[in-house]
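Now for the letters of each chain:
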Amino acid sequence: MSANTAELNYAGKTYRFPIVTGSEGEKGIDISTLRRDTGLVTYDSSFQNTASCRSSITYIDGEQGILRYYGYPIEEIAGRYTFVETAYLLLHGEFPTKEQRAQFSRKLNEYSLLHEDMVHFFDGFPRGAHPMHILSTMINALATFYPNVDLLSLKEDIDTSATRLISIVRTLAAFAYKKSIGEPMVYPRHDLSYCANFLNMMFNSPVKPYKIDADIVDALNLLLVLHADHEQNCSTTAVRVIGSAQVNLYATISAGISALSGPLHGGANQEVMNMLRQIQSRSETVDSVLARAKDKKDPFLLMGFGHRIYKSYDPRARIIREMCAKILDKLHVRDPLLDIARELEEKALKDEYFVDRNLYPNVDFYSGIIYHAIGIPEDMFTVMFTLGRLPGWIAQWREMVQDKNRKIARPRQIYTGPALRHCPEPHR
Ligand code: ACO
């Protein structure tokens, strides 16, 4: 037996399967011939041990807390590159040159305006509708206005659709917010950068002009960069699976948004704030929250803690935690929720339950505090996550559609229902 082969002994026979090795040395067993050769399938509930694709975009080492986009450590990207530059990196594999950045920004501006007929769609949503639901619906509807996205073979169409999506999602997100608070929509401006434009669309109003603050723009850039990709998480897997059926890009991304909205995924950032507020209002204490999280009879979880892949500190949480205090200082904001979050973290990290299970703060634990400080309302937190994650989803989708060996995603199952039986006479 060599290090490049894994052996399976089953029913008196030995089968050999090749080992595939990634560029960082991680190894997997290629079982693509397993069923053909043995009649067996693998059973891996919730994909805990399954690599569903080969990808060259993002590398994570969950044991060591490493995150890299195309080999670049997140610590070197965050705070140094803008979100637009990071989006370009994810879409093209390299950071843009000055000219490429200018051209990308020009295109983002060009596509920032929503088709005016779509603006009326917002009137159909009830007041108080969650902006994530509005956003996923509106993104899906884009396909009816820009049907060329189905022509996957033309590179230009993919580039155009990708750029349009990254630009227009920002307009849609801000419009959804304005609709939810009953204020007139603010249109995008060509003279503003990506993040400044978004903030202006969110907070400018006919009666109170919004003053763009460079520190707030920087904070937003940082948060979006940290969320830009995270390899095969739940929403990205949804994007790859749905996209494998050759569904158009907009419907595919809409599915990703729906997956992200769940409280166990991107929706956790809003849940963290609810939890911290309960402690602030004294309906819970730090100790009672920890006790409930540990109690197996209580479905409550410590929100913003734990991760399928990270079994050490999430590097994004570490950056956000460090930036949190600096940003709050710069903005002259004093938020008691930050003190509560720190106390909660400190106690959890000393608690046997969390230590034994390698449960650390994830990206959602501190991000809400910064969003709150820069004026983003809580029901927009997961929308902010969506803005950040969009380039990652598109890059992963593009990698999947351009893979010559791609096939429709179609897992198997272990059937556990009744064995063959025959239909009784119908009750009539
Ligand atoms: N609070 C209390 N216990 C937890 C938590 C938590 N936040 N997270 C995991 N555990 C416990 C589990 O109950 C389990 O305990 P057991 O071994 O006694 O049964 C053990 O830790 C292992 O957890 P799993 O559920 O197997 O971990 P999994 O990888 O399936 O789930 C997840 C990861 C969904 C992130 C989970 O930790 C969780 O629900 N966290 C809270 C929600 C959250 O913050 N989600 C955001 C994740 S980051 C993102 O999606 C952007």
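Within each chain, residue numbers correspond to sequence positions counted from 1 in written order. Totals for whole chains, interfaces and linings use every residue, but because this is a predicted model, local features are given only for residues with pLDDT of at least 70 and side-chain atom pairs only at 80 or more, for both listing and counting. As a rule here, side-chain values cover all heavy atoms of the structure and leave hydrogens and water aside.

### Digging into the overall build of the chain
Thought 1: Of regular secondary structure, the chain possesses 18 helices and 6 strands.
Thought 2: Computation of the radius of gyration draws on C-alpha atoms, with the globule rule given as 2.2 Å multiplied by the number of residues to the power 0.38. Scaling as 2.2 N^0.38, a compact globule of 428 residues should have a C-alpha radius of gyration of about 22 Å, and the chain matches this with 23 Å.
Thought 3: Expressed along its principal axes, the backbone C-alpha trace of the chain runs to roughly 80 × 65 × 55 Å.
Thought 4: For every residue, the accessible area (1.4 Å probe, protein chains only) is compared with the maximum for its type, and the residue is labelled buried under 20%, exposed over 50%, or partly exposed between those bounds. Here the chain holds 428 residues, and the buried ones make up 51% of them. A run of H or I in DSSP counts as a helix once it spans at least four residues, and a run of E counts as a strand once it spans at least two, with each numbered from the N terminus.

### Observations regarding the packing of helix 3 (residues 83-92) against helix 4 (residues 98-110)
Thought 1: In the contact formed by helix 3 and helix 4, the axes pass within 10 Å of each other and the chain directions differ by 100 degrees. In terms of orientation, helix 3 lies roughly perpendicular with respect to helix 4. Judged by residue contacts, Val84, Glu85, Ala87, Tyr88 and Leu91 of helix 3 engage Gln100, Arg101, Phe104, Ser105 and Leu108 from helix 4.
Thought 2: When its residues are assigned to classes, the contact of helix 3 with helix 4 shows 6 nonpolar, 2 polar and 2 charged. Comment: axis = line fitted to C-alpha atoms, over the contacting stretch for helices; angle = value between 0 and 180 degrees taken between N-to-C directions. Put simply, angles under 35 degrees are roughly parallel, angles over 145 are roughly antiparallel, angles from 65 to 115 are roughly perpendicular, and the rest are oblique. The criterion used for residue contact is that any of the two residues' heavy atoms lie within 4.5 Å. Just so you know the grouping, Ala, Val, Leu, Ile, Met, Phe, Trp, Tyr, Cys and Pro go in nonpolar, Asp, Glu, Lys and Arg go in charged, and all remaining residues, Gly too, go in polar.

### Brief notes about the sheet that holds strand 5 (residues 66-69)
Thought 1: In this description, strands pair whenever DSSP reports at least two bridges between them. Taken in spatial order, the 3 strands of this open sheet run 4-5-6, and their pairing is antiparallel. Strand pairing shows two members of the sheet lacking a second neighbour, strand 4 (58-61) and strand 6 (72-73), which therefore form its edges.

### So, the site of the ligand
Thought 1: Being near a molecule or strand, for a residue, comes down to having at least one heavy atom within 4 Å of it. Neighbouring the ligand are 20 residues; His265, Leu302, Gly304, Arg308 and Tyr353 lie closest to it.
Thought 2: What qualifies as a polar contact is a pair of N or O atoms within 3.5 Å, subject to a donor-acceptor requirement within protein and to the restriction that residues adjacent in sequence count only when both atoms come from side chains. One of the side-chain N or O atoms of lysine 296 is found 3.0 Å from an oxygen atom in the ligand.
Thought 3: Note that an oxygen atom of the ligand is positioned 3.0 Å from one of the side-chain N or O atoms of arginine 357.
Thought 4: Note that accessible areas follow from Shrake-Rupley with a 1.4 Å probe, and for residues the cover is restricted to the protein chains shown. For the ligand, whose free accessible area comes to 920 Å², the fraction covered by protein is 73%.
Thought 5: Along the lines of polarity and charge, the residues of the shell around the ligand split into 11 nonpolar, 5 polar and 4 charged.

### Focus on helix 13 (residues 286-294)
Given 3.6 residues per turn, any residue in an α-helix points the same way as the ones three and four places further on.
Thought 1: Restricting attention to buried positions, one finds in helix 13 the residues Val286, Val289, Leu290 and Ala293. Projected down its long axis, helix 13 shows its buried positions confined to an angular sector of 95 degrees, all on one face.
Thought 2: Buried residues belonging to helix 13 abut helix 12 (268-280), helix 15 (336-350) and helix 16 (352-356). By definition, the arc is the one covered by directions from the helix axis to the C-beta atoms.

### Things to note about the sheet that holds strand 2 (residues 13-21)
Thought 1: Strand order across the open sheet formed by 3 strands is 1-2-3, with antiparallel pairing between neighbours. Across the chains shown, the open sheet's two edge strands, defined by having one partner strand only, are strand 1 (5-10) and strand 3 (27-29). Along the sheet, successive strands turn relative to each other by an average axial angle of 30 degrees, direction set aside.
Thought 2: Sheet topology places strand 1 next to strand 2; 6 bridges connect them, and they run antiparallel.

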